[in-house]
Amino acid sequence: MTDPETPDATAPPARRRRASSATSEPLIVLDHVDKWFGQLHVLQDIELTVHKGEVVVVIGPSGSGKSTLCRTINRLETIDQGRITLDGQELPQEGKALAALRSEVGMVFQSFNLFAHKTILENVTLGPIKVRGRSRAQAEERGRELLDRVGVGHQADKYPAQLSGGQQQRVAIARALAMEPKAMLFDEPTSALDPEMISEVLDVMVDLAQQGMTMIVVTHEMGFARTAADRVVFMADGAIVEENTPEEFFTHPRSARAQDFLGKILTH
């Protein structure tokens, strides 16, 4: 592994540090959010603001609350205290309003969650047709554009089982983008992939970041955090311990907890 303080000058342009497209306008705001699972306090007084066009990477040890935080933003997990707003609107509790909110926030999971009995193109067009009211022709035209964009356009008529894990995850990203979301949430999108497939998914995510998509990414991929993030948020034991630019976080972590975490992962 390269020295964490030395940028990789051999990295292709898509992997190098991007120019931020973030604005000063908040898009996602978590305000004093708490969440319990029984006696376990999994989110502790979380305060986090993500601005339009910003890429926030959330890292930390297993069990620190990263995935739970991600899942509260579109109410896959409910919160017990505090409030979460998207573009100034508090998250709805249920029903059609909640479905509408979820269509504004794309989510890509560790598991691909594709419909096995539908073709790749059908997976991508289902949401725009059913939720957005697009015609089949419109949805298919846009779906093919997005599949081309993530590099699997030639697989449009195949079924998920006929694709590699990396290809399926890129389809999952295209499916989320087809809903024209205001933001994208990624919950450890590469952790189920073989090592050789990880970079093809990360490259798609870097491209999204460069094009200004607002993103919250929970990941163990420190290279992605360095090259694509505007801000790194470090969590431990259900709390945000520190947040900073990638350069400052990786070279000068302020907390002992972050120093210990980085010391373990960057020396292997």
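This structure is a prediction, so every number in the text was calculated from the model and none was measured.

A. Region of interest: the UniProt feature "domain: ABC transporter" (unreviewed entry) in the protein chain. As recorded in UniProt, the sites labelled "domain: ABC transporter" (unreviewed entry) are residues 28-262. Taken end to end, residues 28-262 is 39% helix and 26% strand, and its first and last C-alpha atoms sit 27 Å apart.

B. How the structure looks around the packing of helix α5 (residues 165-177) against helix α6 (residues 195-210). Contact pair α5 / α6: the axes reach a minimum separation of 8 Å and the direction vectors enclose 20°. Relative to α6, the element α5 is oriented roughly parallel. When you trace α5 past α6, the crossing you get is right-handed. For the pair α5 and α6, contact is made by G165, G166, Q167, Q169, R170, I173 and L177 and by M197, E200, V201, V204, M205 and L208, respectively.

C. Inspection of the side chain of D230 at higher detail. Along the chain, D230 falls in the loop between α7 (222-228) and β9 (231-236). Overall, D230 belongs to the buried group, its relative accessible area being 12%. From its side chain, D230 meets the backbone nitrogen of V55 in a polar contact 2.8 Å long.

D. Just the environment of A116, in detail. If you trace the backbone, A116 turns up in the loop between β6 (105-108) and α3 (120-130). Judged by relative accessible area, which is 61%, A116 ranks as exposed. Between the alpha carbons of A116 and P160 there is a distance of 5.7 Å; along the sequence they are 44 residues apart. Apart from residues lying up to four places away in sequence, A116 is in contact with Y159 and P160.

E. Structural detail: the pattern of salt bridges. Evaluated as defined, the whole model comprises 15 salt bridges. The salt bridge partner of E243 is R231, with a shortest N-O separation of 2.5 Å. With E243 in strand β10 (residues 239-244) and R231 in strand β9, this residue pair connects regions lying twelve residues apart in the sequence. When its relative accessible area of 14% is taken as the criterion, R231 is described as buried. Connected through shared salt-bridge partners, E25, K52, D87 and K182 make up one network.

Thresholds applied
Residues numbered from 1 in each chain as written. Predicted model: local features only at pLDDT ≥ 70, side-chain atom pairs only at ≥ 80, totals over all residues. Heavy atoms only, no water. UniProt positions renumbered as here; feature names shortened; annotations may be inferred. Helix = DSSP H or I, 4+ residues; strand = E, 2+ residues; numbered from the N terminus. Axes fitted to C-alpha atoms, helices over the stretch in contact; angles between N-to-C directions. Parallel < 35°, antiparallel > 145°, perpendicular 65-115°, else oblique. Left-handed = near helix turned anticlockwise from the far one by under 90°. Contact = heavy atoms within 4.5 Å. Buried < 20%, exposed > 50% of the residue type's maximum accessible area, 1.4 Å probe, protein only. Polar contact = N/O pair within 3.5 Å; in protein donor to acceptor, adjacent residues only side chain to side chain. Salt bridge = Lys/Arg side-chain N within 4 Å of Asp/Glu carboxyl O.

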